[in-house]
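Listed below, chain by chain, are the residues.
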Amino acid sequence: MEKGEKPLMLTLDEARVIYLSTKKMGEILEKDILRKKGNEAYDMQEDMDNLKTIHQLTNKMGLYINEFLINIGGKEQ
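Below is a short write-up of the structure. Source: prediction; values computed, not measured.

A closer look at the environment of Met25
Link 1 in the chain: With respect to the helices, strands and loops of the structure, Met25 is situated in helix α1 (residues 12-36).
Link 2 in the chain: Between the C-alpha atoms of Met25 and Thr58, which are 33 residues apart in sequence, the distance is 9.7 Å.

Looking at the pattern of salt bridges
If charged atoms from side chains of opposite charge come close, those side chains can pair.
Link 1 in the chain: Considering all chains together, one arrives at three salt bridges under this definition.
Link 2 in the chain: For the salt bridge of Arg35 with Asp32, the shortest nitrogen-to-oxygen distance reads 2.4 Å. With Arg35 and Asp32 both in helix α1 and three residues apart, the pair spans about one turn of that helix.
Link 3 in the chain: Among the residues examined, Arg35 registers a relative accessible area of 62% and is labelled exposed.
Link 4 in the chain: Lys36 is paired through a salt bridge with Asp47; the nearest N and O atoms lie 4.0 Å apart. In this pair, Lys36 is assigned in helix α1 and Asp47 in helix α2 (residues 45-76), connecting sequence segments 11 residues apart.
Link 5 in the chain: Of the residues examined, Asp47 reaches a relative accessible area of 14% and is grouped as buried.
Link 6 in the chain: Connected through shared salt-bridge partners, Asp32, Arg35, Lys36 and Asp47 make up one network.

What counts, and where the lines are drawn
- Residues numbered from 1 in each chain as written.
- Predicted model: local features only at pLDDT ≥ 70, side-chain atom pairs only at ≥ 80, totals over all residues.
- Heavy atoms only, no water.
- Helix = DSSP H or I, 4+ residues; strand = E, 2+ residues; numbered from the N terminus.
- Salt bridge = Lys/Arg side-chain N within 4 Å of Asp/Glu carboxyl O.
- Buried < 20%, exposed > 50% of the residue type's maximum accessible area, 1.4 Å probe, protein only.

Shown next, in the form of structure tokens:
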């Protein structure tokens, strides 16, 4: 674990809500970036950084859910 990180204990339902929420946030931000792209005064760097962070979090939550399901599946056998 890197400095500044803390472990997160979530239920499967909580992880799914976070995953779906971040996925939706990413979709909304992507549309917003495309909409603003034509504006000459628009500096998209901050939005692109936020989008990158959202995608990273969505990917982490997807992995978390997969690991959760694998662990549940292993216990049932």
